[in-house]
Amino acid sequence: MSLKIEIDNGSGFCFGVTTAIQKAEEELAKGNTLYCLGDIVHNGMECDRLRQMGLITIDHEQMAQLHDVKVLLRAHGEPPATYELARQNNIEIIDATCPVVLKLQQRIRNNYKLRITNYENNNKNSEFENRNSQIVIFGKKGHAEVLGLVGQTAGDAIVIEHFDEVKHLDFTRDIFLYSQTTKSLDEFHRIIDYIQSHIAPDATFKSFDTICRSVANRMPNISQFAARHDLILFVCGRKSSNGKVLFNECQRVNPNTHLIEGPDEIDPTWLEGIETVGICGATSTPKWLMEQCRDAIAVR
């Protein structure tokens, strides 16, 4: 019986990543020097492809040394300090921040500013009257998107990465809860339920569902995909935040799931006695890479 291989139609770049890569390719096609602040996507092979086209990846320290150049901001977004640095160094920003992330940044920034303004004006009718209220972000500590979100509050926001960390919040103070756009929707709801059951009667709690649906909606689809194959190859850079979430879901449904970054990591022994292989990936996984994995299996 021949081996059947299927690539998940729902996997591949999300809108934000696609837009960032298109902007980079357009600028590089003009022959211009282009810097990117951080890896444009959490996928080493895609980063290598763009580097061969001329894209130069830099960090914040290196950006501080640049003047009169073009710098692309990836889909994850950046804190206000990055824009200020660009202004001071006459750096032209090509802003590829995902619209979903931009909207979330604005909501957190407005929350923070309004809270302080109302406190200073002693506005007792505002939900933000308590300057010591907690702006909480459910997200991966140190992740580029989360750093950009925390930056909207001048570093004041509290980041919780896992459900257990919610227990360390001060439930006698107001809590305003947001989420990194690529976190697990189920875990976010667990955190909401816990806070609701522990918040003090005279404290305010508000949650804002800011999880990107292009990621959240992949969960049920990828579950069904993983269930109908003997073997799942989840193609993903190991630094991808949403990749970890989606991989864990695949592995939960189908224990015979392996995370690989490319075709070179495929172990031939995985294919022994297998009739169907499903290939899927994260929002940072290019379709061409999943196709390479398919082709590598097909020629074995």
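Up top is the structure these notes are about.
Residues numbered from 1 in each chain as written. Predicted model: local features only at pLDDT ≥ 70, side-chain atom pairs only at ≥ 80, totals over all residues. Heavy atoms only, no water.

Colleague: Whenever I open this one, the pattern of salt bridges confuses me. Can you help?
Modeller: Opposite charge on two side chains allows them to pair when their charged atoms are near. Enumeration over the complete set of coordinates arrives at 15 salt bridges. Between glutamate 27 and lysine 70 there is a salt bridge, with its nearest N and O atoms 2.6 Å apart. Of the two residues, glutamate 27 sits in helix H1 (residues 15-29) while lysine 70 sits in strand S4 (residues 70-73), which places them 43 residues apart along the sequence. Glutamate 27 sits in the buried class, given a relative accessible area of 7%. A single salt-bridge network, built from bridges that share partners, covers Glu25, Glu46 and Arg49. (Salt bridge = Lys/Arg side-chain N within 4 Å of Asp/Glu carboxyl O. Helix = DSSP H or I, 4+ residues; strand = E, 2+ residues; numbered from the N terminus. Buried < 20%, exposed > 50% of the residue type's maximum accessible area, 1.4 Å probe, protein only.)

Colleague: Can you help me understand the sheet that holds strand S9 (residues 205-207) in this one?
Modeller: Sheet strands pair via backbone hydrogen bonds, and the direction of the pair is either parallel or antiparallel. With parallel pairing, 4 strands are arranged side by side in an open sheet as S7-S6-S8-S9. In the strand order of this sheet, the two ends are held by strand S7 (158-160) and S9, each with one partner. Neighbour-to-neighbour, the strand axes of the sheet open up by a mean angle of 25°, direction not taken into account. Strand direction decides the pairing type here: strand S6 (residues 134-138) and S7, joined by 3 bridges, are parallel. Across the sheet, the residue bridging to isoleucine 137 is valine 159, located in S7. Across the sheet, helix H7 (residues 185-198) lies against S6, S7, strand S8 (175-179) and S9, angled at about 175° from S8, the strand it touches most. (Pairing = 2+ DSSP bridges. Axes fitted to C-alpha atoms, helices over the stretch in contact; angles between N-to-C directions. Contact = heavy atoms within 4.5 Å.)

Colleague: Could you clarify how one ought to interpret unusual backbone geometry in this entry?
Modeller: Glycine aside, the phi torsion of most residues is negative, and most peptide linkages are trans. Not every positive phi belongs to a glycine, and asparagine 90 is a case in point at roughly 55°. At alanine 154, a position not held by glycine, the phi torsion is positive, near 55°. With relative accessibility at 66%, the residue alanine 154 sits in the exposed group.

Colleague: Looking at this model, I keep getting lost on the packing of aromatic side chains. Mind explaining?
Modeller: The geometry of an aromatic ring pair is captured by the separation of the ring centres together with the interplanar angle, meaning the angle of the planes. If you walk through the whole model with that rule in mind, you get 5 aromatic pairs. Seen in terms of ring centroids, phenylalanine 138 and phenylalanine 188 are 6.3 Å apart; in terms of plane orientation they differ by 15°. Their pairing is stacked. Taken as a pair, phenylalanine 138 in strand S6 and phenylalanine 188 in helix H7 lie far apart in primary sequence, 50 residues in all. Exposure class is identical for phenylalanine 138 and phenylalanine 188. Each is buried. A network of ring pairs unites the aromatic residues Phe163, Phe171 and Tyr194 as a single cluster. (Phe/Tyr/Trp six-rings, centres within 6.5 Å; stacked < 30°, edge-to-face > 60°.)

So, to be careful, I would describe these as geometric facts and stop short of saying anything about function.
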